[in-house]
Each structure stands twice: as C-alpha cells, then as structure tokens.
Amino acid sequence: MSSQDAEAAERHEARRKKHKKRMSKILTRAWGLPDAEPFQQTSHPSETEVRDLATVGENLDKGKYEHGRSGWEIFAKDMGLVYNRHIGRKGKHASAAKSNLDEVVGFFTKIDPILGDFVIKSKPGAAASDGTSKKSTTSKKRKNDAKDSSDASPKKKANGGSNGTMTLSQREKRAIEVLVDYLAERGGKREQGELFQCKVAERPGGRYDKIYISAENKRFKSMAEVARFLNLVKAPKATGGGKGPKKTNKETEKKKLKRELDKLTKSRAKAVKALDAHTNDTDADQLPTTDESLWDDGSNSSKTHKAGSIVPQSDIGAFPGIPTHCIPEMLLVWDFLSTFGRTLSLQPIELDDFAAALSFRPSEESMKSQSDEERPPLPPESFIPVYLSECHIAILRLLVKDPSSDFWWWSVLETPEMVEQEDEYLTPLDKKRKAAQAVVKIDMEALLSAEEDPAVTRKWLKVLEDVRGKKPENGGTIKSSVRSAISVTTNPLVKVYLKKAMRTWKPHSAGLVKRAVVWLVDKVREARPHLWGRNVSDSELVEQKKLVASEAALEMDNVVEDVNMDDGDVNLEGDSDEESDSDDDEGSDNEGEYADQADLTPASPGKPRVVKENDEITPVSTFVPPKPLPSIVDLLLPPGKPEMPTDLVHALTWPPVIGATAARIFQWYKRRRNEVDDSIREFRELRPMSIAERHRRELSAPLRILSECGDPLDNSPKHHVESAITHLCGGKGYLDLNAVQRLCILRLLIEAAYDTQHVQLSIEDNFKSRINAVKALDAEERRAKKAAREEVAALESAARERLATEARETFMVKKRQELIEDLDPEEYSAEFIQNLDDEDVIDIDDDVKAEYEALPTPESFNKVEVNAVVKMIQEETAFGVERLTVLTLAEIEKRDEDYLKSLQDEMDSIGEIDSRETSAKVDRLRQRITKFTDQMQSLPEDRSAAIEVLKEAMEDGTVRTLRAAIKEAELAELSGDDEVNGGVWALDLMRDASLELKKAEGRKRVTEAQKDLVAKRNKCFIRTEPLGRDRYQSSFVHFDHDESNRVWAERDLVLSNTAPSKEAVLLKSAQVASICAPDKCDDFVNRDDRDEPYGKSFLSFARQEYHHTGELATLARHHWSCYTTDRSLRVLVKNLDAKCPKENSLKEVLKETLETMALTVAESNVASMEDADATAAAQTAFNSSGDEDAFAGEKGRLSNDDADLLKDISSAIGRRVRLRQIPDPDRAPDVAEYTMATVTGWKMDDAPQSNGADYEAGGEKPAPAQARLPIWKLGLDNGGELHVSPGETIQGIVRAIKWSTNHPGYVELDAPFLSYRNSLGRFCGRAVEAPSSLTPQAFAKHLIKREQDFYTPLKNRTFENNWGGKAGARQVWVASLKESGHTFDAVRDGLLTLENAFFDLTGGFPSAEEKKEDEDEPSPPAPHRNGGGLSGKDLLYDDTSRFDIELESLVPGVQGLWNDQDTREIFHEIVRTTQTVSILALGLDLICRNAQAYIKRTESSAPTPTSTAQPAAYVGRRRAAMAGSYANFF
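This structure is a prediction, so every number in the text was calculated from the model and none was measured.

About the cut-offs
- Residues numbered from 1 in each chain as written.
- Predicted model: local features only at pLDDT ≥ 70, side-chain atom pairs only at ≥ 80, totals over all residues.
- Heavy atoms only, no water.
- Helix = DSSP H or I, 4+ residues; strand = E, 2+ residues; numbered from the N terminus.
- Buried < 20%, exposed > 50% of the residue type's maximum accessible area, 1.4 Å probe, protein only.
- Contact = heavy atoms within 4.5 Å.
- Areas by Shrake-Rupley, 256 points an atom, 1.4 Å probe, with all protein chains shown as cover.
- Pairing = 2+ DSSP bridges.
- Phe/Tyr/Trp six-rings, centres within 6.5 Å; stacked < 30°, edge-to-face > 60°.
- Lys NZ or Arg CZ within 6 Å of the ring centre and 35° of its normal.
- Patch = residues over 30% accessible without salt bridge, like charges linked within 9 Å, V, L, I, M, F, W, Y side chains within 5 Å.
- Salt bridge = Lys/Arg side-chain N within 4 Å of Asp/Glu carboxyl O.
- Lys, Arg positive; Asp, Glu negative; His and termini not counted.
- Charge placed at Lys NZ, Arg CZ, Asp CG, Glu CD.
- Axes fitted to C-alpha atoms, helices over the stretch in contact; angles between N-to-C directions.
- Polar contact = N/O pair within 3.5 Å; in protein donor to acceptor, adjacent residues only side chain to side chain.
- Expected span 1.5 Å × (residues − 1).
- Core = buried A, V, L, I, M, F, W, Y, C linked by side-chain atoms within 4.5 Å.
- Parallel < 35°, antiparallel > 145°, perpendicular 65-115°, else oblique.
- Nonpolar A, V, L, I, M, F, W, Y, C, P; charged D, E, K, R; others polar.
- pLDDT = per-residue confidence, 0-100.
- Left-handed = near helix turned anticlockwise from the far one by under 90°.

**Points about the overall build of the protein**
Broken down by element type, the protein carries 58 helices and 18 strands. Counting every position in the protein, which comprises 1530 residues, the buried fraction comes to 44%. Look at the contacts in the protein between residues 6 or more apart in sequence, and 73% of them connect residues 24 or more apart. Taken as a whole, the protein presents about 82,700 Å² of accessible surface, with 50% of it coming from carbon and sulfur.

**Details of the pairing of strand β14 (residues 1118-1123)**
Counting buried residues in β14 gives 5 out of 6 residues, a clear majority hidden from the surface. As defined by bridge partners, strand β9 (residues 1047-1052) adjoins β14 across 6 bridges and the pair is classed as antiparallel. Note that in β14 the partner of Glu1050 across the bridge is Trp1120.

**Focus on the packing of aromatic side chains**
All told, the structure shown has 23 aromatic pairs when counted by the stated rule. Ring centres of Trp72 and Phe75 lie 6.1 Å apart, and the angle between their planes is 80°; this geometry places the pair in the edge-to-face category. Pair noted here: Trp72 and Phe75 are both in helix α4 (residues 69-89), with a separation of 3 residues, about one helical turn. Relative to Tyr1316, the ring of Tyr387 has its centre 5.0 Å away and its plane inclined at 85°; by these criteria the two rings are edge-to-face. Taken together, the positions of Tyr387 in helix α16 (residues 386-401) and Tyr1316 in the loop between α48 (1286-1300) and α49 (1336-1355) put the pair 929 residues apart, joining distant regions of the chain. Connected via pairs of aromatic rings, a cluster forms that spans Tyr65, Trp72, Phe75 and Phe108. Cation over ring: Arg664 sits above Trp409, and NZ or CZ is 4.8 Å from the ring centre. Positioned above the aromatic ring of Tyr1351 is the side chain of Arg1370, whose terminal nitrogen or guanidinium carbon lies 4.2 Å from the ring centre.

**Quick word on unusual backbone geometry**
Along the chain, Val311 connects to Pro312 via a cis peptide bond; the corresponding omega equals -5°. Inspection of the secondary structure puts Pro312 in the loop between α11 (300-306) and α12 (327-339). A cis geometry characterises the amide bond from Met644 onward to Pro645, with omega recorded as -5°. Mapped onto the elements, Pro645 comes out in the loop between α25 (632-636) and α26 (654-683). At Asp35, a residue that is not glycine, the phi angle is positive and equals roughly 60°. Mapped onto the fold, Asp35 is located in the loop between α1 (2-31) and α2 (37-40).

**Section: the pairing of strand β5 (residues 975-978)**
In this structure, β5 lies alongside strand β6 (residues 983-987), joined through 4 bridges in antiparallel fashion. Among the inter-strand pairings, Asp978 is bridged to a residue of β6, identified as Gly983. Once β5 ends, the chain turns through 4 residues before running back antiparallel as β6, passing Gly982 with a positive phi of about 75°.

**What about a negative patch on the surface?**
Together, Asp837, Glu839, Asp840 and Asp843 line one region of the surface with negative charge. Positionally, Asp840 belongs in helix α33 (residues 838-842).

**Here we look at the sheet that holds strand β17 (residues 1269-1276)**
The strand order β15-β16-β17-β18 describes an open sheet built from 4 strands, whose pairing is antiparallel. In the strand order of this sheet, the two ends are held by β15 (1216-1221) and β18 (1281-1284), each with one partner. Strand-to-strand twist in this sheet, taken as the mean axis angle between neighbours without regard to direction, amounts to 45°. Pairing geometry for strand β16 (residues 1233-1245) and β17, over 8 bridges, is antiparallel. Looking at the pairing, Gly1241 lines up with Lys1273 of β17. Helix α46 (residues 1188-1195) rests against β16 and β17 of the sheet, and its axis sits at about 100° to β17. Contacting β15, β16, β17 and β18, α48 crosses the sheet at an angle of about 110° to β15.

**Examining the side chain of Asn1045**
Examined against the element boundaries, Asn1045 turns out to sit in the loop between β8 (1035-1037) and β9. A distance of 2.8 Å separates a polar side-chain atom of Asn1045 from the backbone oxygen of Thr1124.

**A look at α48**
Taking 1.5 Å of rise per residue, 15 residues should cover 21 Å, and α48 covers 21 Å from first to last C-alpha, within 8% of that figure. Most of α48 is tucked away, with 13 of its 15 residues classed as buried. Looking at the residues trailing α48, positive phi occurs at Asn1302, about 50°.

**Remarks on a positive patch on the surface**
On the surface, a cluster of positive charge is contributed by Lys255, Lys256, Arg259 and Lys263. With relative accessibility at 51%, the residue Arg259 sits in the exposed group.

**Overview of the nonpolar core**
Most often, soluble globular proteins have nonpolar side chains that are buried together. Judged by nonpolar contacts, the single largest core of 135 residues is most densely connected at Leu337 and Phe354. Among the elements that make up this core, the one with the highest residue count is helix α56 (residues 1477-1497) (12 residues). Judged by nonpolar contacts, the second largest core, of 49 residues, contains Ala96, Phe118, Cys198 and Phe229.

**A few points about helix α39 (residues 988-1009)**
With 22 residues, α39 extends 32 Å from end C-alpha to end C-alpha; this agrees with the ideal 32 Å at 1.5 Å per step. Within the sequence span of α39, burial applies to Leu989, Met990, Arg991, Ala993, Ser994, Leu995, Glu996, Leu997, Ala1000, Gly1002 and Arg1003.

**What to know about the environment of Leu60**
Within the secondary structure, Leu60 is located in helix α3 (residues 53-62). A relative accessible area of 5% means that Leu60 is categorised as buried. Between the C-alpha atom of Leu60 and that of Ser24, which follows or precedes it by 36 residues, the distance is 7.9 Å. Beyond its immediate sequence surroundings of up to four residues, Leu60 is in contact with Lys20, Met23, Ser24 and Tyr65.

**Thoughts on the pattern of salt bridges**
A full pass over the atoms with the stated rule returns 43 salt bridges. Arg1346 is the salt-bridge partner of Asp647, the closest N and O atoms lying 3.6 Å from each other. Residue Asp647 is located in the loop between α25 and α26, and its partner Arg1346 is located in helix α49; the two are separated by 699 residues in the primary sequence. The class for Arg1346 is buried, based on a relative accessible area of 17%. With a shortest N-O distance of 3.3 Å, Lys894 and Asp898 are connected by a salt bridge. Residue Lys894 and its partner Asp898 are located together in helix α36 (residues 889-908), separated by 4 residues, close to a single helical turn. Several salt bridges converge on common partners, so that one network encompasses Asp352, Asp1042, Glu1043 and Arg1046.

**Some points on the environment of Asn474**
Here Asn474 shows up in the loop between α20 (454-465) and α21 (475-488). Along the backbone, Asn474 and Lys506 are 32 residues apart, and their C-alpha atoms lie at a distance of 9.5 Å.

**Quick look at the packing of α49 against helix α51 (residues 1384-1401)**
For the pair α49 and α51, interaxial distance at closest approach is 10 Å and the crossing angle is 10°. The orientation of α49 relative to α51 falls into the category roughly parallel. Counting all contacts with α49, which are made through Pro1336, Phe1339, Ala1340, Leu1343, Glu1347, Phe1350, Tyr1351 and Leu1354, the residues of α51 involved are Phe1384, Val1387, Gly1390, Leu1391, Leu1394, Phe1398 and Leu1401. Grouping the constituent residues of the contact of α49 with α51 by class yields 13 nonpolar, 1 polar and 1 charged.

**What about the confidence of the model for the protein?**
Averaged over the protein, the pLDDT score is 76; the fraction of residues at 70 or greater is 79%. For the protein, per-element mean pLDDT is lowest for helix α58 (residues 1526-1529), which scores 33, and highest for α16, which scores 93. Low pLDDT, under 50, characterises residues 127-164; the predicted model gives this stretch 41 contacts beyond four residues in sequence or across chains. A low-confidence stretch, residues 1501-1530 (pLDDT under 50), is modelled with 58 contacts involving residues beyond four sequence positions or located in other chains.

**Observations concerning the packing of α26 against helix α30 (residues 739-753)**
One way to put it is that α26 packs onto α30 with a least axis distance of 9 Å and a crossing angle of 60°. Handedness of the α26/α30 crossing: left-handed. Of α30, the residues touching α26 (which contributes Ile658, Thr661, Ala662, Ile665, Phe666 and Tyr669) are Ile745, Leu748, Leu749, Glu751 and Ala752.

**So, the sheet that holds strand β1 (residues 197-203)**
As summarised here, the arrangement of the 3 strands in space is β1-β2-β3, forming an open sheet in which the pairing is antiparallel. Strand pairing shows two members of the sheet lacking a second neighbour, β1 and β3 (219-220), which therefore form its edges. Where strand β2 (residues 207-213) lies against β3, 2 bridges are found, and the strand directions are antiparallel. In the strand pairing of β3, Ile213 is matched with Arg219.

**As for the environment of Gly1365**
Structurally, Gly1365 is set in the loop between α49 and α50 (1369-1380). Each C-alpha atom, one on Gly1365 and one on Lys1355, is 9.6 Å from the other, the two residues being 10 residues apart in sequence.

Structure (structure tokens):
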C-alpha cells in the first residue's frame, strides 16, 4: 500500500506543478500585454492586498495558490485586483487597465468561464490573496422556534466570521463535510458521503444553491434526496412540501356552499334548455352523422368514390411538362416564392406562368430566329426565363447571407473525425451516441464473477476514469493509467482485457485503447452499483450483473478481432511519462474522442464503396455520409462561404453555384437522415445498424429527402435530384434539365430556406401581426354575432307580442259576441256594442276584467308557439309582405282551377246580353278565360323547370343564383297576390328559396363588412390552411396568390388490384400509389416480433398516417385537381352533404368563394347584368351538336401539319381551346395572354362575333365571302362566355393540343412569363438588360469591367508591362470583345488572354536564377502527392488527386497568380472544355481573387509574418478536411 500511496502522491505533485506552470503562463502573457508597465510593479505596495503583477508572481512562487479549484479562484481574484484598482480610481491608467483586463479575462475564460467572472468581479478591499476578508463582518441570527426533526434535512444556519467571504470551492468542501455527518446520522457510512461531489452556484442576492452529484453522475438537490437514493433506513420521506390545511370556519363553509349552489343552478338551467330543444326538435334528419357512416351508405356519391371517379370532373388535372405526381411539390415551391416575395425581394408570378417557366425549353427555330448570318446562334442559356434567374438568385442570396447556412456549407467536406472534434454540431443526443463501443472481446460474466476486494476495484476504476478526459493523441498518459490499473487489480480477466486493449496502442493514436478502457469502466460501474455507496440487495445485484453481462455478450458479436495478433505480453514500459505542455492537454470529454474510429468508416470518399463481408455485421460508428468527389464548380469556388456582396451570386454565375449549393444541402440532409435512423433505433433499444445497411440506405437518400420528385430517371440508376446536381456541378447548361430536375433543385433550396433566420423572423412578424388582425376580426365577428342575436331576440319579442295581441283580439271578439247575445237588443244594439272601445268592454263587468287580466302575457308562451310565429315572421320578411300564405304545387293547381271556374261561373251568371256594357263585360271575360287557358297549357312545364332551378339554386346558396331562380319562379306564376287577406301566396319551395336568399344576403353583408379585415389577416401569412374536408378526408385549398376562382382538391387514392377505367382516376394499385423509399420495419419492430399480432397491429396503426387503409409502407400519392369554372364549383357544392358536419362547413366556405367569383365576373365580364335577357335569348339559339360539316370545312383551311393533329376530331363541341389575346397592341404588341376555354355550342350567324376581344387567328387563310358563317360559343375557365369566329376556334384547338402535349417545336415566345421583370429585386440588372443577363455579350462587358478594376494595381507592381504598354495588346483585346463579344468562343478566348496578361503582370513563375537566390527560404511544397508525375490535365480527371487540387493561391510563399504550373494547367483545361458562360464567369472570379491576394501580399505596408505556426506542408483544403483539421486550416 505504501508504493501505491507514493504513486498517488507523485501524481498529485505532477498535477500541482502543471497547474503552477499554467498559472505562470497566464502571468507571463499578462506581463507582456501592450501598455502593461503601470501594472507590472507599483510604487505603493500594500501588505493587505495585491496591487501589481510582481506581487502575484511572489505569491505564486511561495505556493499561496494551492492545487485545485480554490487556488485558481484566488489566483483569478488577485489578477483582477491589479486592474480593477486602477479602473475604480479612474486614474490616468484606467483605459489601459480596462483593455488589459479584457485580455486577462479571455485567458481565464478559456480555462473556465467562472474564473473569468471572478476576475471581473474582484474589487479592492473585498478579498486578499489568502482568500479571507480583512474586514470584520457581523451576522444577524435567525429566529428558529421550531424543534429540530430527525426526519428533515438540516436547516441552513447563518454563518459568522469569514463564512461570508468563502470561495465556491470552500463552500463545496464544507457541504461535503456536512453531508458526511448527515448520512452518518441517518444510519449510513461516512465513506458513502465521500463518494459524492458538490457543486455550488451563486444566485443574485447573495444566495447559494447546492447540487450533489453521485459517481453515476446523478444529481440531487438536497441531502434528503441523497439519503433516499442510498436506501437509508432513517431517510426522510418525500412530501409535497405544502402547508397543512387551514382550519375552516362557518363563513368559509357558507361561501363554499354558495358557490356549489350557483354551479347547480347554472347546470339546471342548461339542462332545462337542452331538454326543451330536444322536445321541440323532432326532425331526426337534422341530427349530424359521422363521416364513417357515409363512406358506404349506398348514395351516388359513395358509389362514385368507391369506383374511383371524381364528381364533378376537374377543370385542371395537370400542367404541360409537369408530371401529375409532382404537382404538390410545384405548388409548394410556387407558394413559398409568392408568400415570402418581400423577404426574397421577388415579384410574384402566376401559377400557370410558373409551370410554363419550369417546363420551358427553346426550340431550334426560336434560337435561329434570334441570329443572322453575321451573328451565330446564341447558347441555350441565353434563353433562360428571367423569372427562373431571379428566383434562384433571390434564394441563393437569402441562404448565403443567413447564418444558418454555416451548418451545411461544409457538409461536402465533413469527415467523422471533423464531427468528433466540433462540439457545436453535436446535440445532446449526438453526445450520448458517442458513448464508447466494445472493441475488445471479453467474457463479461466471468469478469464480473471474479472475486476482488471492493476497495481494490474502486481504486483501479478511479485510475482508469482519468483516461476519459484524455485526448487520444496523449498516448503516454493513457498508457500510464492502464499500467497503473494492471498493477492495482487482482482480477486476472481485467488484466487480460487491458493487455489486449494495449495491443492497438500507438504513441500519438490511442483512440481504440481509450474506447476499450471507457467501455470497461462504464460496464463495471453499471454492474456493481454497491461500490459507489448505494444500498442494493444481493438479489438485485445478481440481476444487475446478469443484465450487464447479457448486453455485453450482444456487443461481443459485433467485435471483430485480428486473428493474427500476437498473444504475447505487451510492453508497457517506455513513453509512460510522456506529457504535452500544451494548455489543451486536459480536454473535455467531447473533444477529439475516439479519433481512431475512422478505421470503421469508408476509406475512399467519392468512389463507389466496396461492401466487405463483415460489413453486414459490423455496426456503424458515424452518421457522416461519404464525401462526394469535388466537382468542377467546387474547384472554382473559394475556400470559405461567400460573403455578400459577391460576384458569385450574380446573374452570370447562378446556375453552377446553385448546383454546388444544392449538393451541400443534399449532403447535409443525408447526414440528418442518418442521425434520425440512429436515434430511432436507439430509442427503440434496437441493435445498431450495420455498415452495409447504412450504405444501402444512403443509396436511397433521394427518395427519403424528396418524395414526389425522387423517382429515378429512365434507364439510369440515378434519381432526378442527383442527376440535376451532377449536371450543374459539372458546368453544364441549366436548360438541359427537365422540369422535374429544375423542381428538385428549387425544392432543395427552399427546404434550406425554411430554416433561415430571415424566414423565421418573417414568420414571427407575420404571426404577431396576424394575432392583432385576428383579434380585430374576432371583434368584428363578435359584433356580427351580437347583431344576429339581437335580431333573433327582436324576432322572438315580436312573435310573443303578436301572440299576445292575437289572444287579446280573439278575447275581445268573443266578448263582443257574448254581449250581443246576452244584452237586450232594444237597449243595446249590435252596432253600439261593435263600436265600443276595448276598455269599455273590459269595464262592463268585473268578471270580464278578471278574464282579460288572466290572458297570457308575451312571456308566458312556450318555445314551440314562439318558434312557429318567428318562422312566419321570417317568411313574411323574406317576401316583404305582411301576410304570406304558403301553398303546395297541388294547392296552386287547384287554386288555378277554382279561378278558371269562377270566371266561367261569372260569365254564366250574366245571362242574356241586353246592353253594350254587358256585351263588353262578356268579351273581357272571354279574353281572360282564353288567355288563362292558354297559359295553363305551358305553365306545368315552366313550373317544373322553375322548381328544378329553385332546387339547384338552394343547393348553390349564392345570392346571384337565388335571385335568378326566384325571378324565374315568379314568371312561372309560382307566387301571386292573395285577395283574401291582402297578402301574398307562394309555393313552399319558393318560400324556402326566399329564406335561403335572406341568409345569403346576410352572409354577404358580413363578408363585405369583414373583407378589409380578412385581407389584412391574409397578408400576415403563416401557412396555407385548407378550406375544409369532405367525408373522404379530401382537402380543398385556395392559395392566396392564385386566381380567386381556383379551388384545389387533394384526394386519397382508392387501392384496388383491378385494371382501372379512364374515368376511375382514383383507382390505383398499391404499387402505383406508393412513392419514395419504404419504411424500414427493423427501426420500429424487431424481426422476430414483426409476424406477431401486436407487431402487425402496431405497423398497421403507424402506416395509417400514409393511407387510411394502413396497407402502404411508404408515403402515398395523392390525386390533385383544380376547379376553376363557376359551373364545376356549383356542382361540387351541390354534391356536398349537409348532414356531414365537415361537408356542411366546407359547403358554407365554398358558397363564399362562389359569391366572390360572382362579384369578380360581374365586374370583369363584358356582358353586364342589364344585358342578361339578351344573353339568355342568344344562348337559346346555340346548338350543342351538329357542327361536323362546318368544322370539317374549317379544317380544310389549315396547314398539313396542323390538319394532321385534327384528323381524328370531327366536332369542336367539348374540345379545349387555347385563346391568344394581345392586351395592348400599341405599346406591347409582342406580349400576349393565353386563356383556356371549352367549346359549349355553335350556330350559324350572318357575321362573326368576338365580343370586342382582339384575338388573333394565328395565320388563318382568309375565308371566302359567304352569307352565313359558323360561330362557336366558348366557356372560359376564369368565368364568362365568349363567341368566336371559325378561325379563332380552329387555331385555338390546335394551339391547345400542342400546348398540352408539349408538341415538338411549339413555343409561346410571347407568353407572359417571358416578359417578366422583377421590380422588387432586379437581380438580373435593368429591365432592358434582364433577358440578356446570361449571354456572352453580358459576360464580355463584365470581363472588361473587371480587367479595368485590376489593371492599375497590377501595373504598379511590375517592371515589364507587355499588356497595357506600347504593344497595345490591351486595346486590341478590348476591341475584339466589343466586336465579337456576342459569341461564346470569343469570350472564352478573351478570358484565357486576360489570365495570361494577369499571369505576366504578377511575375509568372520564378526562373532558375530566382529559385537559386531564394534557396535559403523555404519553398512551398507541391500540393499533390504524386510528386509531379502527372500533368495538370491528368490531375483534374484523376479521382484521387482531385481531392488535393487547390486553385486558390493560399499556399504560403506564393509570389504569383497560381500556386504552381499544375494549377494553371487545370484552370486552362476547365476553361477550354466548358460550354457555358457561367463557368467562364466563375473562372474570372477565381482569377480576380488570386489577383487580389497577390496585391495584398505585395503591399509595402503589409507586415511580414513572424509566427512560426504556419503548417509545414500544404495538402489542400479538401485533403486537410479528410485529415480532420479543416477548421485549423482556415
């Protein structure tokens, strides 16, 4: 034991010396700070306090700063006193003291932030170097009348003396002493308390909080919790901590009973009201039904849905060039760009134009039309729509300037070693995942069963615990700890295990040894908790050992040992005392841990990984995916993330930069998916994933990141997103991408944009503004509801008054009749009694007065009677009359018959005609009878049609349709004047329609009143919410920036294995309905449990998130469609069932949408409401069939190519038409608008009609003169109708076919999206220059401008100017670019010429004589490992050497434009082989960056570097990243 104590004392002395050395370093640094002379030694020393650094040094030499935390705290306070003394006095050295204090605080903060606080807070006179106060302190005693309890934790006592100035370490030491005594009093052992640590934290107000930490790193807030954790017999029981119940008195009981009585009274009132409503509402049809009960209720709607059909048919099912399954992604991208337009500085665009821009591809004819004999055809990139350029640049600017991009910009350079060393990337879950894994095989059950003294076990575990805080490169200290543990332990299996672990030891790479040691310590601590003071029974201890042994046995299955490893003894001598003098020797637990784990990861990033045999069982050790091969664009980009403003985010460079950005985002999300996989398996307590399984999952990453757009390309193993990134990063053209690939790129960028701080801040601002807007809208809604309640109350009051009035009138009539019968007619005549007032009748007799007073009051009528009268009043108000008689159709027909019979009777009663007046009367009666009889012949048909219109209008529910239906019903004589009561009679259905009209008008008034508030709320956008859902969970959405008449529907597919028909668009098989990568069941349920009932039920329940059947293991496709026309939306509203609560709510919302559409159409439609009758008359003349001959005649006027498209079409009725309109022929004759419509009818007319619209026929042949021409009627998608000529119709049909099928060569060069200009951002320059911002001519201008910026500073640094001197090469270069800059070859040659000029101006490469003169100076080593054996071109195309290529002139000592000759050759090869202007622009930016670096290096005022900390060899940023030192490289 004496030798062990000596070793412990030796280690303690070594630590003390090391801490003293670090203190000396800090003191030396403070002594050498600028302006430190006043603080080095003062002329007024003091014996009681520290005033200068010399005194601190003397105390350090005397050993006054003891080893441990308390010594560091006192040292920090003394260092702070030196400077705070001058700052407090505000003397002449105060400013210098403040600056030096900041530096010193930084020194201490690197060690521990708490020490930095001690330096700042130390004040003169508050403390001395020995840590005690020189001032006397007094303390107030607290009154404590309560008796001490043995079951409670000790009370805090006021400290006297020097306790008020105790340091935190002294308080922690004192707390442990108190804990030891406390545990001993509770029946425990003093050794148990010594195993705990205490952390003391100071709170505001001078209070301190204590936290006790066990050896297992568990935290306790009090000593009582510690006692309960140790299972001590006398431990205090946990209590709620609240005070005992207060004694109640009579007053409190009365208040309580009163509250209970009030609650009961309110409950009774609610129950009475509910019972009354239930008793009066006997209509069972009004009860809401559940959604599930309507799924298969036998109705037409359920049968149609079950068959996979959609009613009504959608108006828009797809966009040309956009696959139907990509529509949700397209809507997401467009909605984001439109919603956050102000954040992006991007002007929104219509959805149709956005879809057209995505699928736009210029035809060869259109590109040739832009060229002539002198000008060759422009590159395809010159025809990129301006909107695509603007939106990509806007998103790229947002990402680059936002701090969130720092997380993923370096993702393509990440390695497992880098992630292990960078703690800022790690979440708490990641740090937990970094726990050591087994690397050495051992029989853990036998190891735990071996007999060993517990004190010895604790000792060698403490020795090995020090390894946890060591860095892997500190192999000497790790070896020393292992050697000490081997000498201490008496367990032979532990010795064998540690010796096996030391076989992999290396002097500067002991990561595997550290892993093995930490794993053993954790397992032994977990298996034997009694060693750390916990009271555990023998049975519990045996069970715990078995559990740990079984877990370790599972881990042993994944350990692969080298069978050829020597089993002999390991030399543990030598290098044991090797220790670094660096300040970072004692790193944290999370820094540089297990650096040797790279052996288990793919060793060749960028190449296809070869799966080894043991990869199927070897667990993964990192979530970082393999690095991709550096692309051409990566080589041209700068080392760091671009900072705004920069030429890299420019109209000339955005396509390749977008590709590189998307590659980084994609790599980052691959890593995030790996993290999710690991966290799910860890949460489910499943075995770690194997390396082979991780590789297979990374191959399907596109399907997991972008679901709808993740389908693989045809005949290609790559997916759309990967192929698009590879294409752009290879420097190829943007227009070569298809629409899905372009959508994938935008989708990736927007995914990262959602995480930016700018977007989050915009959402937060919108959220706050939306709250205020919603409050204002809620107030308006409450006002509307209050007005509605007041209206209902007024109606109810009027109904009660009417009932009371009718009761009084009935009573008075009855009493008058009784008086007439009872009184003497000679004394009181009937006329006298009828003329009596009501008061006179009441005062005749006391009995009459008593009966009158007993009449029911307005409040005495029940709800049934009141509701009946209220309904009557509402009906009369809807018709605007005082009396309304409701009749059925049969009653109306009988009324007509009675009226006709009355006319006949009146005519028969006249008898003989004996005068002229009688003859005239008879003639009038005959005319009335004849007219009425003729009307009776057509009335039944008109009334039936009117009734159908009324039913449809009630289903529609809009004001416009209801008014039209009621007007048609009036014309059909379904209502009229009632001569009996002076009111109006009407059909019951017409009564219902009038009531519905009243509701619609009220709803419209509320909508108009809230219109401004709703618009204000919608501007504060957060997310697009659905309008509602139907019974089948289909969502109906309207986008704020879309046309007002569009409603999008998202429907679930119906799974079926039968072959669907053309109409069954929802009927799909499970394979077709599935999209993206399937779920990995192993992450949720073990393979053994997957076939069990509980496993199947769990998976089925979890998969209902994808599809309601639970049969799909992947995300499910959805059917998206759009309704745009008034007719289709009305049919949709009609098919919604009001019995279903969801559909009823959706129905009300859609009615409001129809009202908005009606207002919009009424304002924009050419035909006004006054012309409604004329329009109706014109519609009756159109036929719905029979245009075959007219259509065939018009087809003969087409060209052969267009006629081939229509050869199988015999009629225009029902065909889709794409109309072309020029809104402003004078100012913008080249800008057209395209509208979709459907042919609904035709007729022959004398002259063509076009309703004044200027539609072009598109080059139709002139029609011969004829008397009559066919006219076709079109129903526009955006509402309204149009009558067009034959040429317009036939050309519109041809145009629609070409547009919808992406006909080769069909391009709408005058489409609105091609004339788009971004007035908010103008990232492509002025409006005139925006379309040509990516042309060679634009690059030529940019090339000349950049040359002018660098020519002067480079000229001033050279003695030989062959570029701008008398040779005139510069003027020739500028003239050639101005003359031929519109061609790609000219600007490419111009860039190479400029590079050669800058190369000469910067001195080129040093000659042999210059090298000989500089041979004493260290020259930069070659950046490639091949030693110059390969040429620059070979280096570029070699996958291995490409990781080492660095085109930036970052090598120390480079005196020219390039690092070496290979670098220049690589640049020339890239420029010569490229075919896009964007790569040329990136190359120009690279030349300018290198030229700027040369200018800075050659500045006369630039200080020469004196630091020797430069790297000894340059290996390139990417190779440096692979080595794990990328952060240090920059």
